[in-house]
Amino acid sequence: MGKVEYFLDNDLEISIEAKDMYELLHLLTVSFKEIVSNNFEGDTSENRELFFESESVDLIAVDYMNELIYLFDVYGFVPVRGVFNLFDRKVKAELFGFIVKREDIKRVLKAATLHQFTIQKKDGNIHLKMIVDL
Amino acid sequence: MSVRRVDPFTILIDKNHKEGMRTDVVVYADEEIEKNIEKDALIQAVNVATLPGLAGRVVVMPDIHKGYGFPIGGVAAFYMDKGIISPGGIGYDINCGVRLLGTSLKVGDIEKKKKEITSHLYRNVPVGVGSEGYLRLSDADWKGVISKGAEWAVEKGFGDSDDLNFIESNGKMLSYGDGISNKAKERGRSQLGSLGSGNHFIEVSFVEEVYDEKVASVFGLEKNEVCIMIHTGSRGFGHQIATEYTSIMLKASEKYGIKLYDKELACAPFKSEEGQRYFDSMSAAANFAWANRQILKHLVEKSILSALSISKQQLSLRTIYDVAHNIAKIEEHNLEGIKTKLIVHRKGATRAFPAQSPDLPTSYRKFGQPVIIPGDMGRYSYVLVGLETAFEKSFGSACHGAGRLISRTKALEIFKGRDIKKELEENGISIMANSKATLSEEMPYAYKDVSRVVDVVENVSISKKVVRLKPVCIIKG
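Note that the coordinates shown come from a computational prediction; the quantities given were computed from them, not determined experimentally.

> Please explain the interface of chain A and chain B as it appears in this structure.
The accessible area lost on association of the parts is a frequent measure of interface size. Listed per partner, the contact involves 30 residues of chain A and 33 residues of chain B. Counting the contacts that link chain A with chain B gives 3 salt bridges. For K183 of chain B, the salt bridge goes to E67 of chain A, with nearest N and O atoms at 2.7 Å. The tally of links between chain A and chain B comes to 11 residue pairs in polar contact (both at pLDDT 80 or more). The leading source of residues in the side of chain A that touches chain B is helix α2 (residues 60–75) of chain A, at 7 residues. Split into classes, the residues belonging to the side of chain A that touches chain B amount to 16 nonpolar, 5 polar and 9 charged.

Take a look at the structure:
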């Protein structure tokens, strides 16, 4: 089972340990919901499809986070879970979640950055560290 | 890190300090400010000095703190033909900036109405997380906003055309908008005319002290005059453009063989296709921000008129000046006696042009450009004027604010249990914010003392003080 830790300060620092990219994207999804919304229910009445191609496999997590930020900023969409398909640098995702009420918005994220971004394979797991601008 | 102090207000990091540096780094800071400079911020300044095509030195202002890529408070100029442009040298909030408005009111006129003013502002101005403006931009509107900026807002009935003379670049930069994604437009579509959150604010203040009567008079500022400051930027539109182009520039850096000491310094030659598309898109975002502040000026006017039940004429709200502090501009600077066009990046730094600059409104040209420096929400802000030496020392740039002293988390810890709103009210400041957490995070003492920052800038003769403003009403996201 993977781990995710996040630390909120002047920006948001996310650290993830996952067995593979699928688990990594799942953990990003779950932590996104916790970070932006006070709604703790698992409402999945809304769904959104994502498709994007990253410049490299290493940047998939950053690009995915930015896709979530876009969906949240434009539609108020908060994902609860996702089904992911990865083909090399391409990602197809079907996300299930809810539209957040304004009073339940905890925090607005500006952009996932490349600042001190690291992703590496260690002890059979993927270790990622990402900074998100608030 | 070896850092050499060359005088009481200047620190020099020599270009031989680190392999790859092409020029020196100059940091304007006194000894007290130096004690609190994050090491990472200096490392970032050193990394900027490795980028190709730099003109002169990399300059850092006394409100320096750690950013992404460039430090905040950083200024770097590049040659147009062999230099680069980098989104990291502008920031995610493109054209985050400040507009200062003057009025015919004196502080005595509003003393008993502070709460009304604050609540009318809070009611009328979309503010806080998830805030949206009253407008929904159509495709035709987008064309106008992207290409005309503040002028588009005036055409739509927000403010008047006289405002445009008192905005940096007259509130618009040339942009065709060809490189802007639909995603960026979708993010910005409902956010034009909104303040946002975090450290964005609208503040009603009064002129507490006048340092230069002559220049103050030219700017239309006098003792006890009520002024209003609007601090906000390009909202989600700018953020999305910055996000997309950071990724594009990362690939471009590899394509053009540019070594990056920090991925957030991702860049491309200014004259490359990628460089030109980014500059055009950045200009579009800058125009959005100027249109945004123009619309907010209209909402401020509406709020104060209704709070005080006075006429437009009695209020006489006017734009004193509007400055960007996250932007890249093409400017002509004197380099070793030769007038040279450069692409000047200012990230958390404000343009501070001196007298005789043709870019300034006619009425200010004899004296110089107003430089608006907001402080924290409890203490004071300043209006400075640009000086001739600024060209030589900082490519005509000054600081932009106070800079954080302690992190948001630390601020929440230290001020836990305190009623910040009540404390500010006891000090004569009426405030409304979206959340108590915002108030604690943005607590006055979470920021450096802006007077110290401004004193450094004055001591190195980049700008000099004209007036000091004291806040009386604030709304924050």
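Text resumes after the structure shown.
> Is there a simple way to think about the sheet that holds strand β5 (residues 90–99) of chain A in this case?
What holds strands together in a sheet is hydrogen bonding between their backbones, with the strands either parallel or antiparallel. Residue and element names in this part refer to chain A. If you trace the 3 strands from one edge of the open sheet to the other, you get β3-β5-β4, paired in antiparallel fashion. Looking at strand neighbours, the two that pair on one side only are β3 (46–53) and β4 (77–87), the edges of this open sheet. On average, adjacent strands in this sheet sit at an angle of 20° to one another, irrespective of strand direction. Bridge count for β4 against β5 is 10 bridges, and the pairing is antiparallel. Within the sheet, the bridge partner assigned to R81 lies in β5 and is F96. The strands touched by helix α1 (residues 21–36) are β4 and β5; relative to β4, the strand with the most contacts, the crossing angle is about 165°. Contacting β3, β4 and β5, α2 crosses the sheet at an angle of about 140° to β3.

> Got a minute to help me understand the state of the cysteines in this structure?
Joining two cysteines, a disulfide is a covalent bond between their sulfur atoms. Applying the stated rule across the entire model yields 0 disulfides over all chains. Here C399 of chain B is not disulfide-linked; the sulfur of C96 of chain B is the nearest cysteine sulfur, at 14 Å.

> Just checking my understanding: could you explain the sheet that holds strand β12 (residues 326–335) of chain B for this structure?
Residues and elements named next belong to chain B. The strand order across the open sheet built from 7 strands is β1-β2-β3-β4-β5-β13-β12, with neighbouring strands paired in mixed fashion. Taken across any chain shown, the strands that pair with only one partner, and hence form the sheet edges, are β1 (4–7) and β12. In this sheet, adjacent strand axes meet at a mean angle of 25° when their direction is disregarded. In this structure, strand β2 (residues 10–13) lies alongside strand β3 (residues 25–28), joined through 4 bridges in antiparallel fashion. Note that in β3 the partner of L12 across the bridge is V26. Relative to the sheet, helix α2 (residues 39–48) contacts β2, β3, β4 (54–65) and β5 (72–79), its axis offset from that of β4 by approximately 165°. Across the sheet, helix α10 (residues 273–308) touches β12 and β13 (338–347), and the angle it forms with β12 is around 110°.

> Just to check I follow, could you spell out helix α9 (residues 235–255) of chain B for this structure?
With 21 residues, α9 of chain B should cover 30 Å at 1.5 Å per step; its first-to-last C-alpha distance of 30 Å lies within 8% of that length. Extensive coverage of α9 of chain B is indicated by the burial of 15 of its 21 residues.

> Would you take a moment to explain the confidence of the model for chain B for this structure?
Close inspection of predicted coordinates is inappropriate in any region flagged by low pLDDT. When pLDDT is averaged across chain B, the result is 94; 99% of the residues are at 70 or more. For this predicted complex, the interface confidence score (ipTM) comes to 0.94, while the overall pTM stands at 0.96.

> What's the story with the pairing of strand β11 (residues 318–324) of chain B in this structure? I'm lost.
Successive residues of a regular strand alternate their side chains across the two faces of the sheet. All names here are of chain B. Of all the 7 residues making up β11, 6 are buried; the element is thus mostly covered by neighbouring parts of the structure. Both strand β7 (residues 97–106) and β11 contribute to a ladder of 6 bridges, which runs antiparallel. Bridged to L101 within β11 is T319.

> What is the right way to look at α2 of chain B in this model?
For an α-helix, 3.6 residues make a turn, and residues three or four places apart therefore share a direction. All names here are of chain B. In terms of burial, α2 is a largely internal element, 7 of the 10 residues being buried. All of the buried residues in α2 are A41, L42, Q44, A45, V46, N47 and V48. Buried residues in α2 make contact with β2, β3, β4 and β5.

> How should I be thinking about the pattern of salt bridges in this particular structure?
Any two side chains of opposite charge can pair, on the condition that their charged atoms come close. Residues and elements named next belong to chain B. Applying the stated criterion across every chain yields a total of 36 salt bridges over all chains. One salt bridge connects D322 with R99, and the closest N-O pair in it is separated by 2.9 Å. With D322 in strand β11 and R99 in strand β7, this residue pair connects regions lying 223 residues apart in the sequence. Its relative accessible area of 0% is what places D322 among the buried residues. Judged by its relative accessible area of 0%, R99 is buried. Note that K465 and D455 form a salt bridge whose closest N and O atoms lie 2.8 Å from each other. A residue pair is termed long-range when its members are at least 10 positions apart, and K465 in strand β19 (residues 463–476) and D455 in helix α16 (residues 450–459) qualify at 10 residues.

> Can you walk me through the environment of R89 of chain A in this structure?
Residues and elements named next belong to chain A. Assignment of secondary structure puts R89 in the loop between β4 and β5. Assessed through its relative accessible area of 27%, R89 is described here as partly exposed. Sequence spacing of R89 and I60 is 29 residues, and the spatial spacing of their C-alpha atoms is 7.1 Å. Setting aside residues no more than four positions away along its own chain, R89 makes contact with F52, E53, S54, E55, S56, V57 and I60. In terms of polar contacts, R89 uses its side chain to reach the side chain of E53, at 3.4 Å.

> Mind showing me how you'd approach the packing of aromatic side chains here?
Each aromatic ring pair is specified by the distance between its two centres and by the angle formed by the two planes. Residue and element names in this part refer to chain B. Going through the model one piece at a time under the given rule, you end up with 15 aromatic pairs over all chains. Between Y68 and Y92, the aromatic rings sit 6.1 Å apart at their centres with planes inclined by 80°, giving edge-to-face as the arrangement. Residue Y68 is found in the loop between β4 and β5, and its partner Y92 is found in the loop between β6 (84–85) and β7; the two are separated by 24 residues along the sequence. The pair formed by Y68 and Y92 is uniform in burial state, with each residue classed as buried. Here the aromatic rings of Y211 and Y382 are separated by 6.3 Å at their centres, their planes lie at 25°, and the arrangement is stacked.

> I'm lost on the environment of E203 of chain B in this one. Help?
All names here are of chain B. Among the secondary structure elements, E203 is positioned in strand β8 (residues 201–210). Counting along the chain gives 103 residues from E203 to L100, while the straight-line C-alpha distance between them is 9.6 Å. Excluding residues that lie within four positions of it along the chain, E203 makes contacts with C227, I228, M229, D376, M377, S381, P471, C473 and I474.

> Looking at this structure, I do not really get the nonpolar core. What am I missing?
It is characteristic of soluble globular proteins that their nonpolar side chains tend to be buried jointly. Formed by 181 residues in total, the largest nonpolar core has its most connected members in L24, M65, L109 and M130 of chain A together with F237 of chain B. Not counting residues within four places of it along the chain, the set of residues in contact with M65 of chain A comprises I14, L28, F32, L109, A112, M130 and V132 of chain A. Listed in part, the 27 residues of the second largest apolar core include L101, L121, L305 and C473 of chain B.

> I tried to follow the side chain of S131 of chain B on my own but got confused; where do I start?
Topologically, S131 of chain B is positioned in the loop between α4 (114–124) and α5 (139–148). Look at S131 of chain B and you get buried, because its relative accessible area is 1%. Side-chain polar atoms of S131 of chain B contact the backbone oxygen of G128 of chain B, separated by 2.8 Å. Apart from the residues within four sequence positions on either side, S131 of chain B is in contact with R102 of chain A together with P126, Q191, S194, L195, G196 and R235 of chain B.

Cut-off values and rules
Residues numbered from 1 in each chain as written. Chains lettered and ligands numbered in written order. Predicted model: local features only at pLDDT ≥ 70, side-chain atom pairs only at ≥ 80, totals over all residues. Heavy atoms only, no water. Contact = heavy atoms within 4.5 Å. Salt bridge = Lys/Arg side-chain N within 4 Å of Asp/Glu carboxyl O. Polar contact = N/O pair within 3.5 Å; in protein donor to acceptor, adjacent residues only side chain to side chain. Helix = DSSP H or I, 4+ residues; strand = E, 2+ residues; numbered from the N terminus. Nonpolar A, V, L, I, M, F, W, Y, C, P; charged D, E, K, R; others polar. Pairing = 2+ DSSP bridges. Axes fitted to C-alpha atoms, helices over the stretch in contact; angles between N-to-C directions. Disulfide = S-S within 2.5 Å. Expected span 1.5 Å × (residues − 1). Buried < 20%, exposed > 50% of the residue type's maximum accessible area, 1.4 Å probe, protein only. pLDDT = per-residue confidence, 0-100. Phe/Tyr/Trp six-rings, centres within 6.5 Å; stacked < 30°, edge-to-face > 60°. Core = buried A, V, L, I, M, F, W, Y, C linked by side-chain atoms within 4.5 Å.

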